[in-house]
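# Understanding the architecture of this molecule
Residues per chain, in single letters:
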Amino acid sequence: MSLVNTKKMLNKACNEGYAVGAFNVNNMEIIQSVVQAANELSSPLILQASMGARKYAGTTYLKKLVEAAESESNIPIALHLDHGESFEACKECIDSGFTSVMIDGSSLEYSKNVEITRKVVKYAHKYNVSVEAELGSLSGIEDEVKITKENSFYTDPDQAADFVKKTNVDSLAIAIGTSHGAYKFKPNQTPKLRFDILEKIQKKIPSFPLVLHGASTILPEYINEINHYGGSIQNALGIPEEELKKAAKMSISKINIDSDLRLAMTASIRKYLFQHPNKFDPREYLSEAKTSIKSLVKNKIQNVLGCAYKI
Ligand code: G3H
Ligand code: 13P
Ligand code: ZN
């Protein structure tokens, strides 16, 4: 099998009430462990690269590493550009073999977002590449995705329907209370999503695949381990698994996970190096990281997203 676009996998997920995991990848170890996890569970999979990932590893390296992992698997895998910042960035990824792209025009005026999304869709569809766009803003701070709390706003259901009609986009990221990074809610806040808005959106555009960014759970076991072995991460809070399960049963068909992978990796490396102060072979501590990422991803696929055995 070769890399596929996300159209078929997301439409199926939308109609059957589960979500496909979209995991951010930055290096060989993350790619290997995510693909092994999905492969062992016969789950469709989206591997996504952000601008930061492309800067760090290089677009060609990421593409070749994903191709290598795909060639050893038996599952449909899409290689997706996460938060494409311009038409040129999307075109570069399409031309280099990505099978799906996101054009993130969410910070633009509505008409400009429509315009740039239409342009990307027109180009991408010629090459059988699927396109995700975003409407509404997620608050929170991530290395390359900076939006202030003041600007954050939820997706308007009527605008979502109009946007899909005008752009012919294949999936749409919506804002219903998630945000990027490890600090999604204030310590005294109850982490809750706006299911009332999600319901309205899916009524306006039935059977249309919606995407949830900023969907890491920020599992306390990793935070505790990091802090126990010399780290200091305070007041981190994510999206509870129960909220994600409910969203996946609705029209949320793609769920983006990055921060949870970072925490799993960091916790295992900190623990290993603390317990083995004389060790310095990266293959040893990175093997621990791979084991930890693989088990995290398996749990997400099987118990949260519900996409095990769906190929
Ligand atoms: O959406 C943001 C992702 O977590 C990517 O983060 O830009 O630091 O690679 P990054
Ligand atoms: P998290 O920071 O919650 O993992 O979100 C990642 C994401 O949305 C990537 O696009
Ligand atoms: Zn995102």
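Below you will find a few notes about this structure. Source: prediction; values computed, not measured.

A word on the pattern of salt bridges. For the coordinates displayed, the defined rule picks out 18 salt bridges. When the shortest N-O distance is used, the salt bridge between glutamate 40 and lysine 294 registers 2.7 Å. Of this pair, glutamate 40 sits in helix 2 (residues 28-40) while lysine 294 sits in helix 12 (residues 282-305); the two residues are 254 residues apart in sequence, bridging distant segments of the chain. Relative accessible area serves as the criterion here: at 42%, glutamate 40 is assigned to the partly exposed category. As a salt-bridge pair, glutamate 85 and arginine 54 come within 3.5 Å of each other at their nearest N and O atoms. Of the two residues, glutamate 85 is situated in the loop between strand 3 (77-84) and helix 5 (87-95) and arginine 54 in helix 3 (residues 51-57); the sequence distance between them amounts to 31 residues. Under the relative-accessibility criterion, glutamate 85 is labelled partly exposed at 41%. The class of arginine 54 is buried, set by a relative accessible area of 10%. By sharing partners, the salt bridges in this structure join Glu40, Lys294 and Lys298 into a single network.

As a further point, take the coordination of the zinc ion (ligand 3). Protein coordination at the zinc ion (ligand 3): the donors are His83 (NE2), His180 (NE2) and His213 (ND1), at 2.0 to 2.1 Å from the metal. Mapped onto the polypeptide sequence, the residues donating to the zinc ion (ligand 3) form the spacing pattern H-x96-H-x32-H. Highlighted residues: histidine 83 in strand 3 and histidine 180 in the loop between strand 8 (171-174) and helix 8 (195-204), separated in sequence by 97 residues. In this structure, histidine 83 and histidine 180 share a single accessibility class: buried.

So, about the sheet that holds strand 5 (residues 130-135). Pairing is parallel around the closed barrel formed by eight strands, whose spatial order is 1-2-3-4-5-8-9-10. Strand-to-strand twist across the sheet, computed as the mean angle between neighbouring axes with direction ignored, equals 25°. Where strand 3 meets strand 4 (residues 100-103), three bridges bridge the pair, whose relative direction is parallel. Looking across to strand 4, one finds that leucine 81 is bridged to valine 101.

Quick look at the side chain of serine 33 now. With respect to the secondary-structure elements, serine 33 resides in helix 2. A distance of 2.5 Å separates the side chain of serine 33 from the backbone oxygen of glutamate 29, its partner in a polar contact. Apart from residues lying up to four places away in sequence, serine 33 is in contact with Lys290, Ile293 and Lys294.

Take the site of ligand 2 next. As a matter of local geometry, ligand 2 sits amid 16 residues, with Asp82, Lys184, Ser216, Asp258 and Ser259 nearest to it. One nitrogen or oxygen atom from the main chain of alanine 215 is found 3.1 Å from an oxygen atom belonging to ligand 2. One of the backbone nitrogen or oxygen atoms of aspartate 258 is found 2.7 Å away from an oxygen atom of ligand 2. At the level of elements, strand 3 and strand 10 (252-257) are the ones that each hand at least two residues to the shell around ligand 2. Residue composition of the shell around ligand 2, grouped by class: two nonpolar, ten polar and four charged.

Attention now goes to the environment of leucine 296. Secondary-structure assignment places leucine 296 in helix 12. Relative accessible area serves as the criterion here: at 3%, leucine 296 is assigned to the buried category. For the pair leucine 296 and alanine 236, spaced 60 residues apart in sequence, the C-alpha to C-alpha distance is 18 Å. Ignoring anything within four residues of it in the chain, the contact list for leucine 296 reads Leu219, Tyr222, Asp260, Leu261 and Ala264.

All of the buried residues in helix 7 (residues 157-167) are Pro157, Ala160, Ala161, Phe163, Val164 and Thr167. The buried residues of helix 7 occupy an angular sector of 160° when projected down its axis, which confines them to one face. The backbone nitrogen of aspartate 158 lies 3.3 Å from a side-chain oxygen of the residue at the head of helix 7, namely aspartate 156. Looking one or two residues beyond helix 7, the residue adopting positive phi is asparagine 168, at roughly 60°.

Two elements in contact, helix 10 (residues 241-249) and helix 12, have axes whose closest approach is 9 Å; the angle formed by their N-to-C orientations is 65°. Of the residues in helix 12, those in contact with Glu241, Leu244, Lys245 and Ala248 of helix 10 are Asn299, Asn303, Val304 and Leu305. Split into classes, the residues belonging to the contact of helix 10 with helix 12 amount to four nonpolar, two polar and two charged.

This part is about empty space enclosed by the protein. Under the defined criterion, the tally for this structure stands at one cavity of 30 Å³ or more. Within this model, the largest cavity holds a volume of roughly 30 Å³. Around the largest cavity, the lining residues are Thr6, Lys7, Leu10, Asn11, Asp170, Ser171 and Pro209. The biggest single contributor to the lining of the largest cavity is helix 1 (residues 7-16), with three residues. A class-by-class count of the residues in the lining of the largest cavity yields two nonpolar, three polar and two charged.

Scoring rules and cut-offs
- Residues numbered from 1 in each chain as written.
- Chains lettered and ligands numbered in written order.
- Predicted model: local features only at pLDDT ≥ 70, side-chain atom pairs only at ≥ 80, totals over all residues.
- Heavy atoms only, no water.
- Salt bridge = Lys/Arg side-chain N within 4 Å of Asp/Glu carboxyl O.
- Helix = DSSP H or I, 4+ residues; strand = E, 2+ residues; numbered from the N terminus.
- Buried < 20%, exposed > 50% of the residue type's maximum accessible area, 1.4 Å probe, protein only.
- Donors = N, O, S within 2.8 Å, 3.2 Å for Na, K, Ca; no water.
- Pairing = 2+ DSSP bridges.
- Axes fitted to C-alpha atoms, helices over the stretch in contact; angles between N-to-C directions.
- Polar contact = N/O pair within 3.5 Å; in protein donor to acceptor, adjacent residues only side chain to side chain.
- Contact = heavy atoms within 4.5 Å.
- Near = heavy atom within 4 Å.
- Nonpolar A, V, L, I, M, F, W, Y, C, P; charged D, E, K, R; others polar.
- Arc of directions from axis to C-beta.
- 1 Å grid on protein atoms, 1.4 Å probe; cavity = no way out; pocket = protein on both sides within 12 Å on 5 of 7 lines; lining within 4 Å.
- Points joined across faces, edges and corners; volume = space filled by probe spheres on them.

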